[in-house]
Amino acid sequence: MTLLSGPPHVITVGAGLLRESLAAQAVTTTPVDWRPPLPGTEGALARVLADPRLPAANERAVARLISARPVLSAVRRASEVLELGGMTFLHAGPPITWERASGPLRGALIGAMLLEGYAHDEEDAERRLASGEVRLEPCHHHGTVGPMAGVVSPSMWMFEVRDAEHGGVAYCSLNEGLGKVLRYGAYGPEVLERLGWMDRVLGPVLSAAIELAGPIDLRGMIAQALQMGDELHNRNRAATSLLLRELAPAVVDASPRDAAEVLRFVGGNDHFFLNAGMAAGKVATDAARGVPGSSLVVAMARNGTDFGVQVSGLGDRWFTGPAGVPDGLYLGAYGPADANPDIGDSTITETSGLGGFAMAAAPAIVRFVGGEVADAVAATRSMYEITLAEHPAFQIPGLGFRGTPVGIDVTLVARTGLLPVVNTGIAGRLAGTGQVGAGLVRPPVEAFTAALLALAESAKDPL
């Protein structure tokens, strides 16, 4: 027998030109989906993959991530639980200064200055922020996450989420709703009035209600919401309804006078669960931090200027690149020229296996972020190529109850060239504008390349 004694069967790799040409000649082919690694990463990738610690380290890190059991344990003031001494504000994403801050982050900081009474008007707030009187620190450095601008000031009320499995704790502010809200950089009178009501009424009532109701199982609630059509980043309708069902009796018992107003606010905001879900993602990914040799991503976050990632085996170092502008659908007369680059800590949902990674569970999300249902399914399927596990509790009915892809591995990103899929809201680029749309965005490749090079520098030689 020789190679040509029978009909040929060809295995094709990479670009489809050869496969297409053979198919046109009725030759049977088996395509292999292979891409070259990210340019310039070959040496670092080989060194990291040769690190004898890597397999066990990643197995341990991802096991801690997917075994976390977040519960909503309290609602408390930021000044009680976070170290915000002096004039300190937290913000989303990696560290940034006022000079480099984007429009929506500046707008949210101005609003926080007015809310806290640190400035008597917009000009006074800008002057004091520019002078360096106010200390700016990332939410992630305080066990906290914040959507969009993510600004946290002392008087704000926070969801407190504890990990019943590993003992961690994380915080996130309460969701204000959509449109002109502080987290999108708006700071007009209606924004400050709403925040004042949240301070006087919403926070105290929810605090008392959760004390009466006891800890609420967020892992089970997220798992159920996925089965009901949410992906838990830009679609939280089912999860909000489930949370409202848990809280409503306790809200009535805790404050009969304010119950109707509080329940209308929560029930009228389909994104109310997002912030509790973000804190759940934060406490789960924090459980995976600090495993020497692990290439697991434990944080992705944006400040409106930079996109940053943190890796389990590399401590609290940030690896950054320029934040991209989402591609999506716009509200009213807004368009791409009005959009600010990507912003917010809400990518903690993708980091924990939800959001863009779970879009196959939420076909209706395409009406909010653009694209077709097939695109949503394809997005989720592609994320299995860069993740270390499938979540045992977070399952997607449309994929045969397959677990969501979870545990982004820097080496898999470098090997495949695939970047995480993120679906997100779009903030206006000018301070004070608010939300202008929602869409999809890919992180900058530079952040992952830099993380890989740092892993290579810290890698141990094979035995």
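Residues numbered from 1 in each chain as written. Predicted model: local features only at pLDDT ≥ 70, side-chain atom pairs only at ≥ 80, totals over all residues. Heavy atoms only, no water.

K.L.:
How would you sum up the nonpolar core? Please name residues and give values.
P.N.:
Met113, Leu202, Leu206, Val262 and Phe273 are the most contacted members of the largest nonpolar core, which totals 84 residues. Per-element tally for this core: the top contributor is helix H7 (residues 189-213), with 10 residues. Each of domain 2 (42-64 + 290-458) and domain 3 (66-280) gives at least three residues to this core. The residues contacting phenylalanine 273, other than those within four sequence positions of it, are Leu218, Met221, Ile222, Leu232, Asn236, Ala239, Thr240 and Leu243. Judged by nonpolar contacts, the second largest core, of 38 residues, contains Leu45, Val48, Leu314 and Ile365. (Core = buried A, V, L, I, M, F, W, Y, C linked by side-chain atoms within 4.5 Å. Buried < 20%, exposed > 50% of the residue type's maximum accessible area, 1.4 Å probe, protein only. Helix = DSSP H or I, 4+ residues; strand = E, 2+ residues; numbered from the N terminus. Domains from an automatic or database assignment. Contact = heavy atoms within 4.5 Å.)

K.L.:
Help me get a handle on empty space enclosed by the protein, residues and values and all.
P.N.:
Within the structure shown, the criterion is met by four cavities of 30 Å³ or more. Of the volumes computed, that of the largest cavity is approximately 220 Å³. Together, 19 residues line the largest cavity, and Met156, Ser173, Leu174, Glu176 and Leu195 are the ones closest to its centre. Elements supplying a minimum of two residues to the lining of the largest cavity: helix H5 (103-116) and H7. The element contributing the most residues to the lining of the largest cavity is H7, with three residues. Taken together, the residues of the lining of the largest cavity sort by class into 10 nonpolar, six polar and three charged. (1 Å grid on protein atoms, 1.4 Å probe; cavity = no way out; pocket = protein on both sides within 12 Å on 5 of 7 lines; lining within 4 Å. Points joined across faces, edges and corners; volume = space filled by probe spheres on them. Nonpolar A, V, L, I, M, F, W, Y, C, P; charged D, E, K, R; others polar.)

K.L.:
Which residues make up the packing of aromatic side chains, and what values do they have?
P.N.:
Following the criterion strictly, the structure yields four aromatic pairs and no others. The interplanar angle of 80° and the centroid separation of 5.8 Å between the aromatic rings of phenylalanine 159 and phenylalanine 272 together place this pair among those described as edge-to-face. Of this pair, phenylalanine 159 sits in strand E7 (residues 157-163) while phenylalanine 272 sits in helix H11 (residues 272-286), and the two are 113 residues apart along the sequence. Residue phenylalanine 159 is classed as buried on the basis of its relative accessible area, which comes to 1%. Exposure remark for phenylalanine 272: the relative accessible area of 0% places this residue in the buried category. Measuring from centroid to centroid gives 6.5 Å for phenylalanine 265 and phenylalanine 272, while their planes differ by 85°, and the two rings are edge-to-face. Exposure class is identical for phenylalanine 265 and phenylalanine 272. Each is buried. An aromatic cluster is present here, built from Phe159, Trp197, Phe265 and Phe272 joined pairwise through their rings. (Phe/Tyr/Trp six-rings, centres within 6.5 Å; stacked < 30°, edge-to-face > 60°.)

K.L.:
Give me the lowdown on the pairing of strand E8 (residues 169-173), citing residues and values where you can.
P.N.:
Burial within E8 is extensive, with four of its five residues counted as buried. Both E7 and E8 contribute to a ladder of five bridges, which runs antiparallel. From the neighbouring strand, valine 161 faces E8, where its bridge partner is alanine 170. The turn joining E7 and E8, which pair antiparallel and follow one another in sequence, is formed by five residues; a positive phi near 90° is taken by glycine 167. (Pairing = 2+ DSSP bridges.)

K.L.:
Can you tell me about the packing of helix H2 (residues 42-50) against helix H16 (residues 445-458), naming the residues and giving the values?
P.N.:
Axes are the key here: two packed helices are described by the angle between their axes and the distance separating the axes. Closest axis-to-axis distance for the H2/H16 pair is 8 Å, and the angle between their directions is 50°. Comparing their axes, H16 and H2 come out oblique. The two elements H2 and H16 meet at a crossing, and its hand is left-handed. Residues Ala44, Leu45, Arg47 and Val48 of H2 pack against Leu452, Leu453, Leu455 and Ala456 of H16. Of the residues in the contact of H2 with H16, the class split is seven nonpolar, no polar and one charged. (Axes fitted to C-alpha atoms, helices over the stretch in contact; angles between N-to-C directions. Parallel < 35°, antiparallel > 145°, perpendicular 65-115°, else oblique. Left-handed = near helix turned anticlockwise from the far one by under 90°.)

K.L.:
Please provide a residue-by-residue account of the sheet that holds strand E17 (residues 422-427), values included.
P.N.:
Each strand in a sheet pairs with its neighbour through backbone hydrogen bonds, running either in the same direction (parallel) or in the opposite one (antiparallel). With antiparallel pairing, the three strands of this open sheet are ordered in space as E13-E18-E17. The open sheet is flanked by strand E13 (327-330) and E17, the only strands paired with a single partner. The mean inter-strand angle of the sheet, taken between neighbouring strand axes irrespective of direction, is 25°. Judged from the six bridges that link them, E17 and strand E18 (residues 435-441) form a sheet pairing that is antiparallel. From the neighbouring strand, alanine 427 faces E18, where its bridge partner is glutamine 435.

K.L.:
Quick one: what's the story with the domain arrangement of the protein, residue by residue and with numbers?
P.N.:
Per the domain assignment, the segments making up the protein are domain 1 (10-34), domain 2 (42-64 + 290-458) and domain 3 (66-280). Spacing between the C-alpha centres of domain 1 and domain 2 amounts to 31 Å.

K.L.:
Which residues make up the pattern of salt bridges, and what values go with them?
P.N.:
Under the definition given, this model contains 19 salt bridges. Residue aspartate 51 is joined to arginine 53 by a salt bridge in which the shortest nitrogen-to-oxygen separation is 2.9 Å. For aspartate 342, the salt bridge goes to arginine 302, with nearest N and O atoms at 2.7 Å. Taken as a pair, aspartate 342 in the loop between E13 and strand E14 (343-344) and arginine 302 in strand E10 (residues 297-303) lie far apart in primary sequence, 40 residues in all. (Salt bridge = Lys/Arg side-chain N within 4 Å of Asp/Glu carboxyl O.)

K.L.:
Account for H2, with residues named and values stated.
P.N.:
If you check which residues of H2 are buried, you get Ala44, Leu45 and Val48. Projected down its long axis, H2 carries its buried residues within an arc of 100°, all on one side. Looking at the buried positions of H2, the neighbouring elements they touch are helix H3 (54-67), helix H15 (410-416) and H16. (Arc of directions from axis to C-beta.)

K.L.:
Give me the lowdown on the sheet that holds E8, citing residues and values where you can.
P.N.:
Read from one edge to the other, the open sheet built from five strands follows the order E6-E8-E7-E3-E9, with strand pairing classed as mixed. Each edge of the open sheet is held by one strand with a lone partner, namely strand E6 (144-145) and strand E9 (216-217). Pairing of strand E3 (residues 70-77) with E7, which is carried by seven bridges, proceeds in the antiparallel orientation. Paired with proline 70 across the strands is aspartate 163, a residue of E7.

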